[in-house]
Amino acid sequence: MDIPKEIDSKIDAIIAQYPKKKSAAMMCMHLFQETFGYFDDSAIRHIASRLEVEPIEIYGMVSFYPMFTQKPRGRIHIKVCRTLSCALAGSYKTASEISKAVSCPIGETSDDGIYTLEFVECLGNCVKGPNVQVNDKLFDNVTPDRAEKLVDTIKKMDSDGSLAPLPPFSKPAGGDFDSPEYKG
Ligand code: FES
């Protein structure tokens, strides 16, 4: 992957906020995920080199945290909670119904590259399961019989632009790394 100079400038600004380069790893990785959508070997090596750590340390984080991915995801990322409360409320069947409705196998990206459908662990809204997160939007009580309606909603929101994920690293105009938006 080609890593533009602008990304290195952003990495410099992130590193400057931490007493040790290594401590900037998570923020640098979010930057890459948001910018490129995934990590390939060159991205992992680049971050490792900038933070002066071994690539295996970055690889370990990429493979551990579910928000990072080694494959490009679709524009619409559907995450179905499979932890106990949601599972008992029918989330496995919900995922299966969504899978049929968007023609995307669970755990994969659709052939047209639009959807990625995955199981995830607890989304923090257990009492209202099954919970489904689509990009940055949370939908609760998505029982299997409501899966098709959810997909209709997703398509409508996608066409009117309200489903776009928030790009946290592009929000601050001019790269204002001290802004609250940047730091979350
Ligand atoms: S178990 Fe699904 S949100 Fe917690």
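Residues numbered from 1 in each chain as written. Predicted model: local features only at pLDDT ≥ 70, side-chain atom pairs only at ≥ 80, totals over all residues. Heavy atoms only, no water.

### Thoughts on the environment of Asp8
Logical step 1: Tracing the chain through its elements places Asp8 in helix α1 (residues 5–15).
Logical step 2: Spatially, the C-alpha atoms of Asp8 and Cys28 are 9.8 Å apart, while their sequence positions differ by 20 residues.
Logical step 3: Residues contacting Asp8, with those up to four places away along its chain left out, are His46 and Arg50. (Helix = DSSP H or I, 4+ residues; strand = E, 2+ residues; numbered from the N terminus. Contact = heavy atoms within 4.5 Å.)

### Section: the environment of Arg82
Logical step 1: Mapped onto the elements of the fold, Arg82 is located in the loop between β1 (76–81) and α5 (84–88).
Logical step 2: For Arg82, a relative accessible area of 35% corresponds to the partly exposed category.
Logical step 3: As a C-alpha pair, Arg82 and Tyr92 span 10 residues in sequence and 6.7 Å in three-dimensional space.
Logical step 4: If we skip the residues at most four places from it in the chain, Arg82 touches Ala87, Ser91, Tyr92, Phe119, Val120 and Glu121. (Buried < 20%, exposed > 50% of the residue type's maximum accessible area, 1.4 Å probe, protein only.)

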